[in-house]
Amino acid sequence: MKIIKTCLSAVISSVLIFSPMAYADKWSDQFPHIKATGDIPGDCSYEEISKKNYKGKTLKINTHAVPVIGQPTALHAEQFAKLTGATVDVTHTPAGDLYAKAMVPFKAGQAPYDIVFGFSNFINDWRQYLAPVPKKYMNSTEMKDVTKSHVGVSSWDGTMYQYPVDGDRHYLKYRKDVIDNPEMQKKYKADTGKELKVPTTWKEYGEMAKYFNGWDWDGDGEKEYGSAEVMKKDDLMFAAFFSRSVAYAKNPRTPGGFFFDLETMKPNINNPGFVEALTDWVEATKYVPPGGINFGLGDEIGSFGGGQTLFSFSWDDAFIAAMQDDSPIKNKVGAAPLPGSDKVWNRVSGKWENKYNQAPYIVWGWAVGVAKKSKVQEMAFDYLCFFSNGANHQADLAIGNFGVNPFKNSDFDPNLYIDTMGWDPEIANSYTKTLKDMEKSKNRVFPLRVRGVFEFTSAVATGTSKALAGQLSPQEALDEVAKEWEAIVSRVGKKNVQEDYAVGVKMEDNKL
Amino acid sequence: MNFKQKYVFLFPGLFVLIGILIFPIIFVVRLSLSGWNSYNGLNFIGLENYIRLFTDDPRFWQSFFRLSFLSVTTVVLQYVIGFALAHMVWKDIKFQRFFRVLFLIPMMTTPVIMTVIWRTFFHESLGPVNDILSNFGMSPKWLTDPTLAKITVIIVEVWQWTPFMFLLLLAGLLSLPKEPFLAAAIDGASPIRKFIYVTFPLMAPISIGAIIIRLIEASKIMDTVYVLTSGGPGTSTETSSFYIFIKGLREFQMGYAASMSFTYLIIMIISLTFIAKGLTKLLLKD
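Residues numbered from 1 in each chain as written. Chains lettered and ligands numbered in written order. Predicted model: local features only at pLDDT ≥ 70, side-chain atom pairs only at ≥ 80, totals over all residues.

Moving on, we get to the overall build of chain B. Summing up its helical and strand segments, chain B has 12 helices and 0 strands in all. Shown N-terminal to C-terminal, the secondary structure of chain B runs as helices and strands in the order α-α-α-α-α-α-α-α-α-α-α-α. Over its C-alpha atoms, taken along the principal directions, chain B stretches across nearly 75 × 70 × 30 Å. Of all 286 residues assigned to chain B, the portion counted as buried reaches 33%. Put simply, 70% of the contacts in chain B that link residues at least 6 apart link residues at least 24 apart. (Helix = DSSP H or I, 4+ residues; strand = E, 2+ residues; numbered from the N terminus. Buried ≥ 20, exposed ≤ 12 C-beta atoms within 10 Å, placed from the backbone. Contact = placed C-beta atoms within 7 Å.)

Any region with low pLDDT has predicted coordinates that should not be read closely. Confidence in the prediction of chain A, expressed as mean pLDDT, is 91, and 95% of residues score 70 or more. Counted against residues more than four places away or in other chains, residues 11-23 of chain A, with its pLDDT under 50, gives 12 contacts. (pLDDT = per-residue confidence, 0-100.)

What follows is about the packing of helix H22 (residues 474-492) of chain A against helix H23 (residues 494-508) of chain A. Residues and elements named next belong to chain A. Contact geometry for H22 and H23: axes closest at 5 Å, N-to-C directions at 100°. Looking at the two axes, H22 sits roughly perpendicular to H23. Residues Val489, Ser490 and Val492 of H22 lie in contact with H23, whose contacting residues are Lys494, Asn496 and Val497. In terms of residue class, the contact of H22 with H23 is made up of 3 nonpolar, 2 polar and 1 charged. (Axes fitted to C-alpha atoms, helices over the stretch in contact; angles between N-to-C directions. Parallel < 35°, antiparallel > 145°, perpendicular 65-115°, else oblique. Nonpolar A, V, L, I, M, F, W, Y, C, P; charged D, E, K, R; others polar.)

So, on to the interface of chain B and chain A. Taken together, the contacts link 23 residues of chain B with 26 residues of chain A. When residues of the side of chain B that touches chain A are assigned to their parent elements, the largest contribution, 3 residues, is made by helix H11 (residues 240-250) of chain B. Partitioned by chemical class, the residues of the side of chain B that touches chain A number 7 nonpolar, 13 polar and 3 charged.

Turning to helix H15 (residues 297-305) of chain A, a few remarks are in order. Residue and element names in this part refer to chain A. Among the 9 residues of H15, 8 are classified as buried, and the element is accordingly described as predominantly covered. Tucked into the core, H15 has its buried residues touching strand E6 (172-175), strand E7 (225-228), strand E10 (309-312) and helix H16 (317-322). Positive backbone phi, at 85°, marks glycine 307, one or two positions downstream of H15.

Another point: the sheet that holds strand E14 (residues 366-370) of chain A. Adjacent strands of a sheet form backbone hydrogen bonds with each other and so pair up, either parallel or antiparallel. Residues and elements named next belong to chain A. The strand order across the open sheet built from 4 strands is E2-E1-E3-E14, with neighbouring strands paired in mixed fashion. Where the open sheet ends on each side, the last strands, each with one partner, are strand E2 (87-93) and E14. Between one strand and the next, the sheet's axes are offset by a mean angle of 20°, whatever the strand orientation. Inspection of the sheet shows strand E1 (residues 58-64) paired to strand E3 (residues 115-119) by 2 bridges, in the parallel sense. (Pairing = 2+ DSSP bridges.)

Residues and elements named next belong to chain A. Both faces of E6 are covered, namely the face carrying Leu172 and Tyr174 and the face carrying Lys173 and Arg175. Here 4 bridges tie E6 to strand E11 (residues 333-336), and the two strands are oriented antiparallel to one another. By the bridge assignment, leucine 172 is partnered in E11 with alanine 336. The pairing of E6 with E10 spans 2 bridges and is antiparallel. Note on E10: the bridge partner recorded for lysine 173 is serine 312.

We now examine helix H20 (residues 425-440) of chain A. Residues and elements named next belong to chain A. Relative to the 22 Å expected for 16 residues at 1.5 Å per residue, H20 spans 22 Å between its end C-alpha atoms, a close match to the ideal helical length. Burial in H20 covers these residues: Ile427, Ala428, Tyr431, Thr434 and Leu435. Projection of H20 onto a plane perpendicular to its axis shows the buried side chains occupying an angular sector of 130°, all on one side. Relative to its buried face, H20 has exposed residues pointing more than 90 degrees away, namely Pro425, Lys436 and Lys440. The inward-facing, buried residues of H20 contact E11 and helix H19 (414-421). (Expected span 1.5 Å × (residues − 1). Arc of directions from axis to C-beta.)

Spelled out as C-alpha cells, the structure:
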C-alpha cells in the first residue's frame, strides 16, 4: 500500500511539474489574460520567453489604434517587457495612416519603429524594407501550426516577410434567435409571403434587413435595425464593398482577373456586376442603424456585437464580440457564408448569366513585419513569436475587439470554442465549418496585392462613398473609380501592375 | 564693428530662418517636380504634377471651394459672436471676470479631443443630441447628411475658435480711448448709434487683424474634419488640407501632394492679400 501511495504521489508531482497544467498555474497567476489555458508549451511560450534577457534594450512598435489589434499589441508588449526586462514603446495609429506611417521613414532610409503593423495587402510595397522571418522562427512550434494559405499570404516569392498573427475572411453573421424563431418565421411569411431563413443572396439579405429595421424585435425595449456594415470612407469600407461585389462579379467560368482583365489590365470595377453590388449597397443605407453610413469597423463590431442589428458581414470580430461572455446575445448568433446572387456577370460575353453564384472573399488580415534596419531584430521576432504563442492566441481569439482571428490549423477545432469559450456546440460547429469551407472553395477572391495598392483602394473608397452619400449614381461613381484606376496603372506602369496582379490571379484561378 | 562681424551676429538667426522656413519651401517645390510615391523615388518629372492638378483633378478644386465656404462662414460667425460677447463683458456687468474666463475655455481645450466629444454628442444613434431631439420627433443626420455634416463642422469650429476672436476684440475694446464715447454721450447718442458710429469704426483696425488671422487659421482646417467626418459623407466635407493629407500621407503620392500644397500656398497668399486690402478699404474709409 505504501509503495502504491509513493508511486501515486510521484506521478502526481511529476505531472504537476512537467505538464502544461503546472505552467498554467505559474504563468496564469501573473498573467490573468491566459487564465483559460495557462501557458501552452512551445518555442515562444511564457516559459521560454522568460529565459530571455533584454534588459536595457528598447523595442519600438507602431500598431493600430485601440482596441482592434492595438489592444493585444499593447497587452503583449507589457507581458513581454515583464518577462524579458525589455522596454517596449507602443505607438497607436488610425487604420488609414498605418501605411504612410511606415512608408515615410522607410523611404527616407530610417527605422523609427522596429515592428510595423499594417494590412497583409501592403506586402508588395513594404517587403523591400522588411527583414525576412529567420529560419529559427519558421521552424518554431507556433509557425508549424499556421495554415498553408496563411503562410502563403505572409510570403512573396517563397520568402516570408510578414509574421502571421491574424487570419481574416468575410462571412455572414446573423441573429439565430430571430432567423430560427418559428414565431418570427410565421410573422415574416404572413407579412411578406416569403420564407425567413439564412439569406443565400444579397437580395434576400436586403429584404430581411429592411423588414427587421427600426422596431424592437427582441423585446429589450430598444429599436433594432437590419444590418451593421463598414461604410465609413477611410475605415476599410473598400473591403466591405468587395464582399458585396464578389457574388455578382466573380464568375468561376471567366478566369483571368476579378479586379482587372489580366491581359489588357482594363479595370473591371465599373462592369455591371460591381454596379449591381453598389446599387444594393446604396439601398442598404436604408436599413442600417442611424448614423450607419459613418460606421467604421469598431462601430460595426459594437453594433452587431451589442445586439443592435439582425445581420452583419465582414471580419470575424463582430461575431466574436457577440459570443463574448459579457455579450447580451451570447449563443444567439450564427455564422454562414457570404450571401450569393441569382445572377453573375460574364465579362467575356458581356452578359448576365442567370445562375446562382457565391464566392468567398478571403480578406486576410492584420500583418506585421520587422524593419530591415532595426537594430533589435531578434528581440522583435521574439516579441512577434510571443504575441502569437498558443496561450496568447487562444486568449486573443476569445475577445471580439482584439481583431485576432483564426489562422492556425488548431483554430478550426470546434472544441476549442466549446471548451474554453463556452460556445454552444451547434454555433461552434457552424462557425468552424463556415471558415473551413471558405478555405476549400474554388471560387475565392483575394485582395489586390499590387504596387501602390493604397491608391487603388482609396479610389474605391472615395467613389463608393460618393454613391452612398447620394453625390453620384452607382454607375457614375464606379466609372470615376475605373478612370482613376486607369490613371494609377499608367503611373505605376502597366507591366509592373500586371506582374504583381498575376500572382493574385493565379491564386484566384486555383493555379498556385 | 566691421562688416564681417555684423554677419557673424546675423548668422544664427539666418541659419534658423533657412532651416525652418526656406529649406522646407524649397524642398516642397523640388518634391512637387518629382513623382515620389510608394514605387518611385525622388525622380524629376517636370511640371507633370501641376498639369495633372490643373487639367485632371476636379476634386482638388471642389475641396478648395468647400474650404472657402467653410472658412468664410465660420470666421464671419466667430466675428459676430465674438464681438457680441466681448462687448457684453467689456461693460460693467455682474460676474464680469467669471464670464471672461468662461468664454475662453473652448480655446484652451485640445481641438482633437473636443472634436471626439462633439462627434459623440452628434452620434446619430448613441449621441445625447438626437436622444433629446427624438422626444420632439426629430432625429437629424448630423454626420451623414451632406448639408448637415457641413453645418456640424461649422458648429464645432465656431465653438472652438470664437474665444480667440473674443480675446482679440476684448483687448481692442479695452484699449479704446474714452473721449469719443464721452462726446457721444454728451450728444445724447443711443447705444445703437454709439456702436455704429463710435465703437465699430474705432475697432476696425483690430477687426481686420483678427479676421485675417482667423481666416489664415480656418483655411488650414484639418483636425475637425479628420475626426468628425473624415471628409464624408462622400466628399461633402473634404477640404483642401484634408485632400492633400489623403493624397500625401494616405496614398503616399508625395510628389503630387507637394504640388497641391505649393499651389494652395500661392492661392492663399494671393487671396488673403486681396481680402486684407478689401477689408481695409471697406472698414477704414477715412
